[in-house]
Structures are given as structure tokens and as C-alpha cells.
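An overview of the molecular structure
The primary structure of each chain is shown beneath.
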Amino acid sequence: MEKSLREQITEISEALRRKGYRLTPQREAVIKILLENPNQHLAAEDIYAMVRKTHPEIGMATVYRTLDLLSKEKIINQLSFEEGHCRYEMESQAHHHHLVCLKCGKITEFNIQLLKKMEEALAAEHEFQIVGYLLKFYGYCAQCTPAEE
Ligand SMILES: [Zn+2]
Ligand SMILES: [Zn+2]
């Protein structure tokens with residue numbers, strides 16, 4: 001069953017409290033934007049523009065500070081796609097990876113079992129306990145690939 005927005009925010013609020021932080025209205029506003037826009041990989045500027053609609057008193061610096069704190073506490077994921085700025089998504093989103101179009105910037109998510117096998121093989125071969133990894137494929141999406149004549 002899908003959790004409601006309220007339930008998700010309550011869980012995050014409890015997680016923050018365990019770490020010694022309060023869910024301030026500013027933090028809640030930022031989290032809400034990310035929860036309401038799953039799979040969007042929003043940049044800080046996008047989040048700022050959306051937050052301002054309901055909380056015009058929130059400044060850009062507050063949005064950045066909030067995103068930093070939430071990333072540090074592993075509530076959200078900070079993603080870098082080599083664009084000169086970061087994008088953000090909720091950590092709770094199912095584990096997935098990204099295909100990045102170099103032309104239009106479209107980000108497609110994928111999650112394949114093959115990676116699990118690769119992880120196990122690498123761990124065994126190098127006696128290395130893998131706890132996480134980030135994988136990005138760069139290329140061109142269907143709209144940006146010239147059709148073959
Ligand atoms: Zn993603
Ligand atoms: Zn594209």
C-alpha cells in the first residue's frame with residue numbers, strides 16, 4: 001500500500017528527531033516538494049521556485065542549507081550529473097540508476113537485476129564489502145538520436 005504524503009512526512013519528522021533535528025516549516029516545505037514530484041530529479045533552483053509559491057518567505061540560502069542537511073542525514077539523495085549543479089530525490093525511492101541524455105538532459109531511471117550479479121562477483125573477487133554504488137550511463141535519448149536512414 002502506498003503511504004500518504006502525511007504518513008511519509010511523519011516518518012521523516014521522526015527520523016529527523018532521532019538525529020536531533022526538528023522538522024521546521026521550511027524543511028517540511030522542501031521535503032513536500034520532493035515527495036510530490038517523484039522521479040523528477042529536481043535541481044535546487046527548481047525546488048526553490050516551487051517552495052516560493054507556498055512559502056514566499058523562504059530564501060535560496062535556506063533551501064540550500066535544508067538540502068545539505070537532508071542529504072547529510074540520508075533522507076534525500078544528492079545526485080550529480082556533471083551539469084555544474086546537483087539534483088535531488090528522496091532516499092526512500094526504490095534503488096535505481098540513471099540514463100542521462102547528453103543533448104536534452106532527460107534522465108531515465110532503470111533498475112536491473114544484472115547489477116546485483118555484478119556486485120556479488122566484484123565483492124567475491126576483491127573480498128570487498130560493497131555497501132553502495134552510483135551508476136550513470138551517458139548517451140542520447142530516443143528523441144535526440146538521429147533516425148537511421
Ligand atoms: Zn532517480
Ligand atoms: Zn535527449
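Note that the structure is predicted; figures quoted are calculated from it, not measured.

1. Section: the domain arrangement of the chain
Frequently, the measure chosen for interface size is the accessible area removed from exposure when the parts meet. Split into domains, the chain comes out as domain 1 (5-90) and domain 2 (97-139). Of note, the centres of domain 1 and domain 2, computed from C-alpha atoms alone, are 24 Å apart. Contacts between domain 1 and domain 2 engage eight residues on the former and six residues on the latter. Of the roughly 630 Å² buried between domain 1 and domain 2, counting both surfaces, carbon and sulfur atoms make up 54%. At the surface where domain 1 touches domain 2, the tally comes to zero salt bridges. Put simply, domain 1 and domain 2 have four residue pairs in polar contact (both at pLDDT 80 or more) between them. Those elements giving two or more residues to the side of domain 1 that touches domain 2 turn out to be strand E2 (76-80) and strand E3 (86-90). Along the lines of polarity and charge, the residues of the side of domain 1 that touches domain 2 split into two nonpolar, three polar and three charged.

2. Details of the side chain of Arg 27
By secondary structure assignment, the location of Arg 27 is in helix H2 (residues 25-36). One buried charged residue, Arg 27, remains without a salt bridge, the closest side chain of opposite sign being Glu 73 at 9.2 Å. A polar atom in the side chain of Arg 27 sits 2.7 Å from the backbone oxygen of Arg 22. Among all residues touching Arg 27, those that are not within four sequence positions of it are Tyr 21, Arg 22, Thr 66 and Leu 69.

Parameters at a glance
- Residues numbered from 1 in each chain as written.
- Chains lettered and ligands numbered in written order.
- Predicted model: local features only at pLDDT ≥ 70, side-chain atom pairs only at ≥ 80, totals over all residues.
- Heavy atoms only, no water.
- Domains from an automatic or database assignment.
- Contact = heavy atoms within 4.5 Å.
- Buried area = accessible area lost by both parts, 1.4 Å probe.
- Salt bridge = Lys/Arg side-chain N within 4 Å of Asp/Glu carboxyl O.
- Polar contact = N/O pair within 3.5 Å; in protein donor to acceptor, adjacent residues only side chain to side chain.
- Helix = DSSP H or I, 4+ residues; strand = E, 2+ residues; numbered from the N terminus.
- Nonpolar A, V, L, I, M, F, W, Y, C, P; charged D, E, K, R; others polar.
- Buried < 20%, exposed > 50% of the residue type's maximum accessible area, 1.4 Å probe, protein only.
- Lys, Arg positive; Asp, Glu negative; His and termini not counted.

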